[in-house]
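If you want the building blocks of each chain, they are given just below.
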Amino acid sequence: GAGFGRLSDLYAGYEQVVLLDYSRSQLAHARQRLGDERFVYVAADIYRLPLATNAVDTTVMVRVLHHLVDVPLAFGHIQRATRTNGVFVLEFANKRHLKNIARWLVGRGVNPFERAPYAFAELHYDFHPAWVRETLEASGLAVERRLSVSLLRSGWLKRHVPARTLAAMDGALQRVTAPCTPAPSVFVRSRVDKPGDASVVARARLFRCPTCGHEPLDPAAGGLHCGGCGAHWPIEDGIYLFK
């Protein structure tokens, strides 16, 4: 869910950053803004993730999970593509936050304590923190730390408290409140728990075929060639197209 590269400033410590999104137009905007020196732009589907096994040190997914129907499949691909002992940083929409609990107690809204994801609109889901933890760990992603974020998300507070003060207050509460996750947004840091080599694959072996799973892909005129099924995956305007 890299979009136009909205979080790119946070990746300064990495030599190479793969910005992956389903939207080609968003990636084109990111490339125009960020250039090609450190960034690789990939248009792809999370359910058919074209990154090779152990391709990356760290994977980040922010403001994406609430659009996913098959979360275990997505987590499985992330676990495969991230190296052994690598890091997965996830943000998700929390169904068991204080406002939802209050609504339920007065007879409005759904039960926030039910484990199953709740679809509040088409392709929009809220998740129970325990369900997310269980699904991560079942996918070989061992949860190490959580933050409960945006606890002070309120129109009244935004109108009456300076933004910097509000951000500082929220930051001070994130770790303290994490065990009970009362905020509408939760960040989770997980470690990839799987056997094998912890090294990252070379840049030339970054991709695998999303159709048949063959890896690595071979350079070909105007793109990449799959030696398994014969598929050709083009590179257009600096963007790898796997859709």
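Look up a bit, the structure's there.
Owing to the predicted nature of the structure, the values given are computational and were not obtained by experimental measurement.

A.B. asks: Run through the packing of helix α2 (residues 71-81) against helix α4 (residues 129-138), naming residues and quoting values.
C.D. replies: One way to put it is that α2 packs onto α4 with a least axis distance of 9 Å and a crossing angle of 45°. Taken together, the axis directions place α2 and α4 in an arrangement best described as oblique. The hand of the α2/α4 crossing is right-handed. Of α4, the residues touching α2 (which contributes Val71, Pro72 and Phe75) are Trp131, Val132, Thr135 and Leu136.

A.B. asks: Describe the pairing of strand β3 (residues 56-61), naming the residues involved and giving the relevant values.
C.D. replies: The pairing of β3 with strand β4 (residues 82-93) spans five bridges and is classified as parallel. In the sheet register, threonine 58 faces β4, and the bridge partner there is valine 87. The β-α-β motif built from β3, the intervening α2 and the parallel element β4 has right-handed crossover chirality.

A.B. asks: Tell me about the nonpolar core, residues and numbers included.
C.D. replies: Counting 41 residues, the largest nonpolar core has Met61, Leu65, Leu90, Leu136 and Phe207 as its most contacted members. Within the residue set of this core, elements represented by two or more residues are β2 (39-43), β3, α2, β4, α4, β7 (141-149) and β8 (185-192). Not counting residues within four places of it along the chain, the set of residues in contact with methionine 61 comprises Ile46, Leu68, Ile78, Phe88, Val89, Leu90 and Glu91. Counting residues in hydrophobic clusters, the runner-up holds eleven residues, among them Ala2, Leu19, Ala30 and Leu241.

A.B. asks: Hey, could you go over the packing of aromatic side chains for me, with residue numbers and the actual values?
C.D. replies: Aromatic ring pairs are described here by two measures, namely the spacing of the ring centres and the angle between the planes. Counted under the stated rule, the structure contains eight aromatic pairs. Ring plane angle 70° and centroid distance 5.9 Å describe the contact between phenylalanine 75 and phenylalanine 88, whose orientation is recorded as edge-to-face. With a gap of 13 residues between them, phenylalanine 75 in helix α2 and phenylalanine 88 in strand β4 connect regions that are remote in the sequence. Ring plane angle 20° and centroid distance 5.6 Å describe the contact between phenylalanine 127 and tryptophan 131, whose orientation is recorded as stacked.

A.B. asks: Could you give an account of a positive patch on the surface, with specific residues and numbers?
C.D. replies: Taken together, Lys99, Arg103, Arg108, Arg153 and Lys158 make up a surface patch of like positive charges. Position of arginine 153 among the secondary structure elements: in the loop between β7 and α5 (155-160). Residue classification places arginine 153 among the partly exposed residues on the basis of a relative accessible area of 45%.

A.B. asks: How would you summarise the pattern of salt bridges if you had to cite specific residues and measurements?
C.D. replies: According to the stated counting rule, one finds ten salt bridges in the structure shown. Between glutamate 144 and arginine 191 there is a salt bridge, with the nearest N and O atoms lying 3.4 Å from each other. Of the two residues, glutamate 144 sits in strand β7 while arginine 191 sits in strand β8, which places them 47 residues apart along the sequence. Residue glutamate 144 is classed as partly exposed on the basis of its relative accessible area of 43%. Here the salt bridges do not stand alone but share partners, grouping Arg24, Glu236 and Asp237 into one network.

A.B. asks: How would you sum up the environment of valine 40? Please name residues and give values.
C.D. replies: Relative to the helices and strands, valine 40 resides in strand β2. Separated by 24 residues in the primary sequence, valine 40 and glutamine 16 have C-alpha atoms spaced 7.5 Å apart. Apart from the residues within four sequence positions on either side, valine 40 is in contact with Gln16, Val17, Val18, Leu19, Arg203, Leu206, Phe207 and Tyr240.

A.B. asks: Which residues make up unusual backbone geometry, and what values go with them?
C.D. replies: Negative phi characterises most residues that are not glycine, and trans characterises most peptide bonds. A cis amide bond, omega -5°, links glutamate 215 with the succeeding residue proline 216. Here proline 216 is to be found in the loop between β8 and β9 (218-220). We note that arginine 63 has phi near 55°; this positive angle belongs to a residue other than glycine. Structurally, arginine 63 can be placed in the loop between β3 and α2. The phi angle at asparagine 85 is positive, at roughly 70°, despite the residue not being glycine. Along the chain, asparagine 85 falls in strand β4. Its relative accessible area of 43% is what places asparagine 85 among the partly exposed residues.

The rules behind these values
Residues numbered from 1 in each chain as written. Predicted model: local features only at pLDDT ≥ 70, side-chain atom pairs only at ≥ 80, totals over all residues. Heavy atoms only, no water. Axes fitted to C-alpha atoms, helices over the stretch in contact; angles between N-to-C directions. Helix = DSSP H or I, 4+ residues; strand = E, 2+ residues; numbered from the N terminus. Parallel < 35°, antiparallel > 145°, perpendicular 65-115°, else oblique. Left-handed = near helix turned anticlockwise from the far one by under 90°. Contact = heavy atoms within 4.5 Å. Pairing = 2+ DSSP bridges. Right-handed = clockwise from strand over helix to strand, strands pointing away. Core = buried A, V, L, I, M, F, W, Y, C linked by side-chain atoms within 4.5 Å. Buried < 20%, exposed > 50% of the residue type's maximum accessible area, 1.4 Å probe, protein only. Phe/Tyr/Trp six-rings, centres within 6.5 Å; stacked < 30°, edge-to-face > 60°. Patch = residues over 30% accessible without salt bridge, like charges linked within 9 Å, V, L, I, M, F, W, Y side chains within 5 Å. Areas by Shrake-Rupley, 256 points an atom, 1.4 Å probe, with all protein chains shown as cover. Salt bridge = Lys/Arg side-chain N within 4 Å of Asp/Glu carboxyl O. Lys, Arg positive; Asp, Glu negative; His and termini not counted. Charge placed at Lys NZ, Arg CZ, Asp CG, Glu CD.

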